[in-house]
Amino acid sequence: DIQMTQSPSSLSASVGDRVTITCRASQSIDSYLNWYQQKPGKAPKLLIFAAFSLQSGVPSRFSGSGSGTDFTLTISSLQPEDFATYYCQQSYGTPFTFGPGTKVDIK
Amino acid sequence: QVTLKESAPALVKPTQTLTLTCTFSGFSLRTSGIRVSWIRQPPGKALEWLARIDWDDEKFYSTSLKTRLSISKDTSKNQVVLTMANMDPVDTATYYCARSRGIPVAGYYYYGMDVWGQGTTVAVSS
């Protein structure tokens, strides 16, 4: 199975900050990397697919980059509604696997 | 409008078999490129992908759980069913179903889980 890791596991940030979350795959997954946002008690929401493609309706302050084994999710200017947990997920091969998550909370 | 909704008993006993049903609308599992996955999340923990069934009836399972899982679809009812045998308290979790569809990017098709159900919480206890 392809293992996914994320860093940091949590971070504290202020509204307006630029936030970067890193995801690493245990082997190359080309660009088959998705990012999800999850708020407490809610289902995850797809933000980014194919490593950098913004899902319809997602604000442009979210962006993704990377290929191969190293990927990044960036929030250019953190908004109050962005405080949540973020997961990466590889869709290169089955079984699909998620990262352990990065919790973004208020400083 | 695409929607999915999970249903399952709220409580099952250890060793029992859990049956999870995902009832969806707004798309068809007869359509090429459509997939439905099951994902779970134990309280306070990360997401774990469990299984997937594709429009052409291909089926895929979690490596660690594949001996306990079985996924099927009923296209006439717009349902996907996942059974998990030999339930244990560690299987206590919220279970989600989610749709994927292939989106072309630079000549390749990519699949993100773009619509999720609200989740159903299952506790395993005697």
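Residues numbered from 1 in each chain as written. Chains lettered and ligands numbered in written order. Predicted model: local features only at pLDDT ≥ 70, side-chain atom pairs only at ≥ 80, totals over all residues. Heavy atoms only, no water.

Colleague: Any details on the sheet that holds strand β7 (residues 62-67) of chain A? Residues and values, ideally.
Modeller: All names here are of chain A. The four strands are arranged β1-β3-β8-β7 in an open sheet whose pairing can be described as antiparallel. In the strand order of this sheet, the two ends are held by β1 (4-7) and β7, each with one partner. Neighbouring strand axes in the sheet, compared pairwise and without regard to direction, differ in orientation by 20 degrees on average. Both strand β3 (residues 19-25) and strand β8 (residues 70-75) contribute to a ladder of six bridges, which runs antiparallel. Looking across to β8, one finds that Arg24 is bridged to Asp70. (Pairing = 2+ DSSP bridges. Helix = DSSP H or I, 4+ residues; strand = E, 2+ residues; numbered from the N terminus. Axes fitted to C-alpha atoms, helices over the stretch in contact; angles between N-to-C directions.)

Colleague: Account for the sheet that holds strand β1 (residues 3-7) of chain B, naming residues and giving values.
Modeller: Sheet strands pair via backbone hydrogen bonds, and the direction of the pair is either parallel or antiparallel. All names here are of chain B. Spatially, β1-β3-β8-β7 is the arrangement adopted by the four strands of the open sheet, whose pairing is antiparallel. Among the strands making up the open sheet, the edge pair consists of β1 and β7 (69-74). Across the sheet, the axes of successive neighbouring strands diverge by a mean angle of 15 degrees, strand direction being ignored.

Colleague: Now, about the packing of aromatic side chains: what can you tell me, with residues and values included?
Modeller: What the rule picks out here adds up to eight aromatic pairs over all chains. Every member of this aromatic cluster is reached through a ring pair, and the members are Tyr36 and Phe98 of chain A together with Tyr96 and Trp116 of chain B. Lying over the aromatic face of Phe27 of chain B, Arg99 of chain B brings its terminal NZ or CZ to 5.3 Å of the ring centre. (Phe/Tyr/Trp six-rings, centres within 6.5 Å; stacked < 30°, edge-to-face > 60°. Lys NZ or Arg CZ within 6 Å of the ring centre and 35° of its normal.)

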